[in-house]
Amino acid sequence: MAEVEKGRKPSEESTDDSEEEDSEEEPKLKYERLANGVTEILQKDAASCMTVHDKFLALGTHFGKVFLLDIQGNLTQKFEISPVKINQISLDESGEHMGICSEDGKVQVFGLYTREGFHENFDCPDTIVCLFLKLVLIWISLVTHLLLYEKNWLNRWKTSTLHEGEGTITNVQWRANLIAWANNMGVKIYDISTKQRITNVLRDNVSLRPDMYPCSLCWKDNSTLIIGWGSSIKICVVKERGHTELRDLPSRYVEIVSAFETEFFISGLAPLADQLVTLYFVKENSDHMEEEFRARPCLDIIQPLPEGYEEISSDALTVRNFQENECRDYRLEHSEGESLYYIISPKDIVVAKERDQDDHIDWLLDKKKYEVGVIIIQSSRLHVGTLYFASRKCQKVLGKNMELWENEVYRFKTIGQLKAISQYLPRGDLRLRPAIYEMILHEFLKSDYEGFATLIREWPGELYNNMTIVQAVTDHLKKDPMNSTLLTTLAELYTYDQRYDRALEIYLRLRHKDVYQLIHKHDLFSSIEDKIVLLMDFDKEVIRQHMHNCFIKVVEELRDRPELLHIYLHKLFKRDHHKGQRYHERQIGLYAEYDRPNLLPFLRDSIHCPLEKALEICQERNFVEETVFLLSRMGNCRRALQMIMEELEDVDKAIEFAKEQDDAELWEDLISYSIDKPPFITGLLNNIGTHVDPILLIHRIKEGMEIPNLRDSLVKILQDYNLQVA
């Protein structure tokens, strides 16, 4: 919401500027312009009416639209009701049903969250003036008629005429069992429970046109009606008659407890405790009013008296297009739950609300009344709700006076509220004694670890004795050794004290992501040589974010410790095959030296490994399986098969290798090598049937050679053959 320019109504006697400034009274209300969606709506359209609910606002316009808004003015729903002006919107107490009437004779009542509804069109256009809505009752006011629509037991609407024949009905307001309406003659009050009209309050200011200066009605409570018409205000209280007074009279009567004339034309009324909030239009014949203020609407708080009133405050408001508005163009609506007052004009909506203790102290300080401000701040400490505000004001009141600051801190300590002032203590050019900051840190450490940690992060370390706080945290960790908040904070304290080894130890224990920042910022790579494994077991996302920037430095630090370097690069490779590709050549030797079981998986998964270098290393160390893999990958499959048969002497691997390559020449080499080795022949007989014609092998077997499990092998060949035929 945007602030609204306001001015005090000028007094009759003129004073010079200094006297006026000294005598200036503190305002009672503060104002904000309802913006967001409202601004855009009123740029293209004009407000004709508005209704306030605790949950939302309903705004009607001259172009026949109804907008539902939240209390900040954001648009939540829009209804295209009519091509002409919306006269009134009514909401039930739950905020679930809405009634709308417009100047073309249309009335609509519908559920905002259901499909049930009431629709009625009247033959005479420009007659629907207002309506009021309850769950099963609807009041509709025509130009001269007041109608009641009531649901019967068949869920049908029954119509009754409650009033007619006394001129235009301009306003209707309902509260509990009482309904009040205004016409050209005056204001009537009707009791729904007894179905009796209680009274008729005659209209004053009969010389004023009622269409130009409409009647304002407002229920203060279930029995008190406030009437404002022209320049007169009346407060009426509905009371019960005694049994002896009844006879043929209504069971209730009205007593006018206050009636008085004002110096202005009333546009709206609302209660404020035992006072009244009045929205008014300045009379043109008020000679003492300056021309500048003449056309601006004013919002006053007045104290009603039996035959007069006392002005409490008065503000002239600069609403948009106020120069073009008349008395009838303004409306005042209020939200009882939050004491909010909405000033509605065609092109602007302003919200007024009572000023609170915060605003009071702000005003004192703006007027440089610092002594009074200090007194208010000190007295407000008795109320915990204003403590934090009082603390914030200390910055402006106490300025750069260290003695005053320290006295205030001790006052907060006396009432057990040191925490309230912590975030407002000076920490720039002006600094208090270290003991002051330490006292507050100890206070947080007693009951609020998170708050303590926040202060350690926000306060410069030179404000307090670092070792004193380290000792205090260490003492608390004896009671709760695994508390991560305390441990993290202790690491930050060690970092400030340049005891990086201690900080690093804590971060590693906590597996804290800040460990990488600590290592990189303070060049601690030489300190983590024996902690590489622990580092590499951190969360994958942490590794991905931080290792990209520092793994080169880690490798350089570990070049003289190859076993640790291997562990580091191996874990890096397992997480990301491409991250350390520049070191894959070096990793071949590291795997060969320290971790041969993982060498072959590394050779298989790496696409950055130089094959010639890998083959050279494997041949030097006689790593047959690795050499076989490299030979086959380099295209020398016959040499690879030869090594399997001659050096590994593993017929199953040889057969598996031949199957993988699916090369007739390899099968021929395998048969030729196996023909004088009975165990190899058995293996071939069991596996060759689906790849090579077994007759080629059988014909080449020498007569008389004993072959293990020959019968089973032949059965297997026949089964494979039958399977192929099938």
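Residues numbered from 1 in each chain as written. Predicted model: local features only at pLDDT ≥ 70, side-chain atom pairs only at ≥ 80, totals over all residues. Heavy atoms only, no water.

- Looking at an unreviewed UniProt entry, one finds the protein chain named Vps41 beta-propeller domain-containing protein, with Oncorhynchus tshawytscha as its source organism.

Here's the deal with the sheet that holds strand 17 (residues 178–182)
Then comes step 1: In spatial order, the strands read 16-17-18-19; together these four strands make up an open sheet with antiparallel pairing. Sheet topology places strand 16 (171–175) and strand 19 (196–202) at the edges, where each strand pairs with a single neighbour. Between one strand and the next, the sheet's axes are offset by a mean angle of 15 degrees, whatever the strand orientation.
Then comes step 2: Pairing of strand 17 with strand 18 (residues 186–191) involves five bridges; the strand directions are antiparallel. Bridging from a neighbouring strand, Leu-178 pairs with Asp-191 of strand 18. (Pairing = 2+ DSSP bridges. Helix = DSSP H or I, 4+ residues; strand = E, 2+ residues; numbered from the N terminus. Axes fitted to C-alpha atoms, helices over the stretch in contact; angles between N-to-C directions.)

Re the pattern of salt bridges
A pair can form between side chains of opposite charge whenever their charged atoms are brought close.
Then comes step 1: Scanning the model with the defined rule gives 22 salt bridges in all.
Then comes step 2: Note that Glu-26 is salt-bridged to Arg-355, the shortest N-O span being 3.9 Å. Residue Glu-26 is located in the loop between helix 1 (17–23) and strand 3 (29–33), and its partner Arg-355 is located in the loop between strand 30 (348–354) and helix 4 (357–366); the two are separated by 329 residues in the primary sequence.
Then comes step 3: The class of Glu-26 is partly exposed, set by a relative accessible area of 22%.
Then comes step 4: Given the relative accessible area of 22%, Arg-355 is considered partly exposed.
Then comes step 5: The closest approach of N and O atoms between Glu-80 and Lys-65, which form a salt bridge, is 3.9 Å. One end of the pair, Glu-80, is in strand 7 (residues 75–80); the other, Lys-65, is in strand 6 (residues 65–69), and 15 residues separate them in sequence.
Then comes step 6: The exposed category is assigned to Glu-80, whose relative accessible area is 55%.
Then comes step 7: One salt-bridge network, in which partners are shared between bridges, spans Arg-33, Arg-320 and Asp-348. (Salt bridge = Lys/Arg side-chain N within 4 Å of Asp/Glu carboxyl O. Buried < 20%, exposed > 50% of the residue type's maximum accessible area, 1.4 Å probe, protein only.)

A look at the side chain of Ser-314
Then comes step 1: Tracing the chain through its elements places Ser-314 in strand 27 (residues 308–317).
Then comes step 2: A residue is classified by how much of its surface remains accessible, and Ser-314, at 9% relative accessible area, is buried.
Then comes step 3: Separated by 3.4 Å, the side chains of Ser-314 and Tyr-280 make a polar contact. (Polar contact = N/O pair within 3.5 Å; in protein donor to acceptor, adjacent residues only side chain to side chain.)

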